[in-house]
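Structural description and commentary
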Amino acid sequence: MRHLLNPLDFSVEEIDQLLNLATDIEHNPKKYAHVCDGKKIATLFYEPSTRTRLSFEAAMLNLGGSVLGFSSASSSSAAKGESVADTIRMVSCYADICAMRHPKEGAPLVASMHSSIPVINAGDGGHQHPSQTLTDLMTIHSLLGRLSGMTVGLCGDLKFGRTVHSLISALVRYPDVKFVLISPPELRIPEYIREDVLRANNIEFKEVGNLDEAMPELDILYMTRVQKERFFNEDDYIRLKDCYILNKEKMKLAKEKMFVLHPLPRVNEISVEVDDDPRAAYFRQVQYGVYVRMALIMTLLEVEKPC
Ligand code: CP
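Residues numbered from 1 in each chain as written. Predicted model: local features only at pLDDT ≥ 70, side-chain atom pairs only at ≥ 80, totals over all residues. Heavy atoms only, no water.

1. Here's the deal with the site of the ligand
Inspection of the region around the ligand gives S49, T50, R51, T52, R101, H129, Q132, P263 and L264 as its neighbouring residues. Within the backbone of T50, an N or O atom sits 2.8 Å from an oxygen atom of the ligand. Its free accessible area being 260 Å², the ligand has 91% of it covered by the protein chains. In the shell around the ligand, the residues fall into two nonpolar, five polar and two charged. (Near = heavy atom within 4 Å. Polar contact = N/O pair within 3.5 Å; in protein donor to acceptor, adjacent residues only side chain to side chain. Areas by Shrake-Rupley, 256 points an atom, 1.4 Å probe, with all protein chains shown as cover. Nonpolar A, V, L, I, M, F, W, Y, C, P; charged D, E, K, R; others polar.)

2. Considerations on the side chain of H102
Inspection of the secondary structure puts H102 in strand β3 (residues 97-102). A distance of 3.0 Å separates a polar side-chain atom of H102 from the backbone nitrogen of K104. Excluding residues that lie within four positions of it along the chain, H102 makes contacts with Y46, E47, V84, A107, G123, D124 and G125. (Helix = DSSP H or I, 4+ residues; strand = E, 2+ residues; numbered from the N terminus. Contact = heavy atoms within 4.5 Å.)

3. A closer look at the sheet that holds strand β2 (residues 66-70)
Read from one edge of the open sheet, four strands run β2-β1-β3-β4, paired in parallel fashion. The open sheet has two edge strands, β2 and β4 (119-124), and neither has a second partner. Recorded for the sheet is a direction-independent mean angle of 15° between the axes of neighbouring strands. Across five bridges, the pairing between strand β1 (residues 40-45) and β3 is parallel. Across the sheet, T43 pairs through a bridge with A99, a residue of β3. (Pairing = 2+ DSSP bridges. Axes fitted to C-alpha atoms, helices over the stretch in contact; angles between N-to-C directions.)

4. A short note on helix α1 (residues 12-27)
Taking 1.5 Å per residue as the helical rise, α1 with its 16 residues ought to reach 22 Å, and the 23 Å between its terminal C-alpha atoms agrees with that figure. Its buried side turned inward, α1 meets α5 (130-144) and α11 (282-300). (Expected span 1.5 Å × (residues − 1).)

5. Quick word on the packing of helix α6 (residues 162-171) against helix α7 (residues 191-198)
α7 packs onto α6 with a crossing angle of 5° between their chain directions and a minimal axis gap of 11 Å. Classed by the angle they form, the pair α6 and α7 counts as roughly parallel. Residues H165, I168 and S169 of α6 lie in contact with α7, whose contacting residues are Y192, I193, V197 and L198. Of the residues in the contact of α6 with α7, the class split is five nonpolar, two polar and no charged. (Parallel < 35°, antiparallel > 145°, perpendicular 65-115°, else oblique.)

6. A look at the packing of aromatic side chains
Under the defined criterion, the tally for this structure stands at four aromatic pairs. Consider the rings of Y282 and F283, whose centres lie 5.1 Å apart with planes at 65°: the pair is edge-to-face. The structure contains a cluster of three or more aromatic residues connected by ring pairs, namely F160, F231 and Y237. Above the ring of F56, the side-chain terminus of R293 is found at 5.0 Å from the ring centroid. (Phe/Tyr/Trp six-rings, centres within 6.5 Å; stacked < 30°, edge-to-face > 60°. Lys NZ or Arg CZ within 6 Å of the ring centre and 35° of its normal.)

7. With respect to the pattern of salt bridges
Across all of its chains, the model carries 21 salt bridges by this definition. Between R2 and E14 there is a salt bridge whose closest N-O contact spans 2.7 Å. Pair noted here: R2 is in the segment before α1 and E14 is in helix α1, with a separation of 12 residues, a long-range link. In this structure R2 comes out as partly exposed when scored by relative accessible area, which is 33%. For D219, the salt bridge is made with K255, and the minimal N-O distance between the two is 2.8 Å. (Salt bridge = Lys/Arg side-chain N within 4 Å of Asp/Glu carboxyl O. Buried < 20%, exposed > 50% of the residue type's maximum accessible area, 1.4 Å probe, protein only.)

8. Some points on the sheet that holds strand β9 (residues 259-261)
Within a sheet, neighbouring strands are paired by backbone hydrogen bonds and run either parallel or antiparallel to one another. Ordered by their spatial adjacency, five strands build an open sheet running β7-β6-β5-β8-β9, and the pairing between neighbours is parallel. Single-partner strands in this sheet number two, and they are β7 (205-208) and β9. Direction aside, neighbouring strands of the sheet carry axes that sit 20° apart on average. With six bridges connecting them, strand β5 (residues 150-155) and strand β6 (residues 177-182) associate as parallel partners. Opposite T151, over in β6, you have K178 as the bridge partner. Sheet contacts for α6: β5, β6 and β8 (220-223); angle to β5, the most-contacted strand, approximately 165°.

Listed below in structure tokens is the structure:
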């Protein structure tokens, strides 16, 4: 039995296979409409979500399966003090696979140690969000036709943004990927990503504060929201929340073939006037999230690909 807790739980070859499967699902959805008949996914969300929870549920429904779960800790027995370990023991009796989001880093790992069904980390605190990364990889591959030979700018809250940590960890395994890390000093990338992921793999990267100066060299711009829920001090959040706002003027500085991604939700960091720009890919990214999660569920449940 396998879990997905970290993007590195899959090899590059396995990610290639998963993205190929997701692409086949995109083009032939009817072929997959019953491959999970009789299977159930439990979505255990201790933190708010729109995309991740609903896309896992849509994915399982599209495969012919069904869904159960909770969308907040307050509507589960966590509110009475039940531990993650006990909860997953129960859920293992009800479902075939589960996706868990939790504010505590490592909670899905703890769940996996007590589970008899595959556990997918659907976001743990400011740590990792591997199914978002699979979505991001599919989006980049479909836009550029490759996952190598590119300069990726990551902008905003690089400290608490778990999608950023997972995406960097995944992309360093592809050749000739460079990073421009754009953030205010307070929201720089964590030390373990800088040292253990980037420097340890001899990856070319720079940390800058100015988005305008970075724009012309980027092939992908990955914008992120300042993660209000991770701040201890509201004044700090208010001071930093609008540190970058991508607008039409800034888009003029970018390559004609640069694409803008965002895991969403956005607040102010991308002006709505950018949405009509053909390089704005964040809503297409959401659709890829369903195909990727269908492929992920099939892979972890070891469901045969139909002919
Ligand atoms: N991208 C993402 O994780 O969105 P949600 O918080 O809505 O699930």
